[in-house]
Amino acid sequence: MLRKLNDKDRKRLKRKVHIRKRISGTAERPRLTVTRSNCNLYMQAIDDTEGKTLVSISTLEKEFASLKPNKEGAEKLGEAMGKRLVAKKIKTVVFDRNGYLYHGVVKALADGTRKAGVEF
């Protein structure tokens, strides 16, 4: 069953498709994608050539369950993701904001990841 998209979701999906035409991840430089909802935040490092997720993190994990999907929680989650990437010897990534505007929570996730030593 198809759900009816409101105008805000339709615009985000249009931006997402436009972005994904231009970027893709490799094993050396994976695509770091962000997904947010009203309750949770998710991040994944994806190797698009293999079609595999290399590293993932979300607020659904027990250690991050107390984090709220606001800027402060997003920055902490981004730092933890950065540490996981550095532990896997991944220093550079391609940032995929997934159609979301680059401000607020999405910017905080990116800044937290940069703070841990990952470049993009």
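Model, not experiment: these values are computed from the prediction.

J.: How would you explain the sheet that holds strand β4 (residues 94-96) if you had to name every residue and give the values?
T.: The four strands lie next to each other as β3-β2-β1-β4, forming an open sheet whose pairing is mixed. Where the open sheet ends on each side, the last strands, each with one partner, are β3 (52-58) and β4. Adjacent strand axes in the sheet meet at a mean angle of 20°, parallel and antiparallel pairs treated alike. Two strands pair when backbone bridges link them, and strand β2 (residues 41-47) and β3 are joined in this way by six bridges, in the antiparallel orientation. Paired with I46 across the strands is T53, a residue of β3. Against the sheet, helix α2 (residues 71-87) makes contact with β1 (31-36), β2 and β3, and its axis sits at roughly 145° relative to β3, the strand it touches most.

J.: Residues and numbers for the pattern of salt bridges, please.
T.: Applying the stated criterion across every chain, the model contains ten salt bridges. Residue R31 pairs with D96 through a salt bridge whose shortest N-O separation is 2.9 Å. Of the two residues, R31 is situated in strand β1 and D96 in strand β4; the sequence distance between them amounts to 65 residues. Relative accessible area serves as the criterion here: at 8%, R31 is assigned to the buried category. The exposure class assigned to D96 is buried, which follows from its relative accessible area of 1%. Members of the salt-bridge network, linked through shared partners, are R20, R31, D48 and D96.

Calculation criteria
- Residues numbered from 1 in each chain as written.
- Predicted model: local features only at pLDDT ≥ 70, side-chain atom pairs only at ≥ 80, totals over all residues.
- Heavy atoms only, no water.
- Pairing = 2+ DSSP bridges.
- Helix = DSSP H or I, 4+ residues; strand = E, 2+ residues; numbered from the N terminus.
- Axes fitted to C-alpha atoms, helices over the stretch in contact; angles between N-to-C directions.
- Contact = heavy atoms within 4.5 Å.
- Salt bridge = Lys/Arg side-chain N within 4 Å of Asp/Glu carboxyl O.
- Buried < 20%, exposed > 50% of the residue type's maximum accessible area, 1.4 Å probe, protein only.

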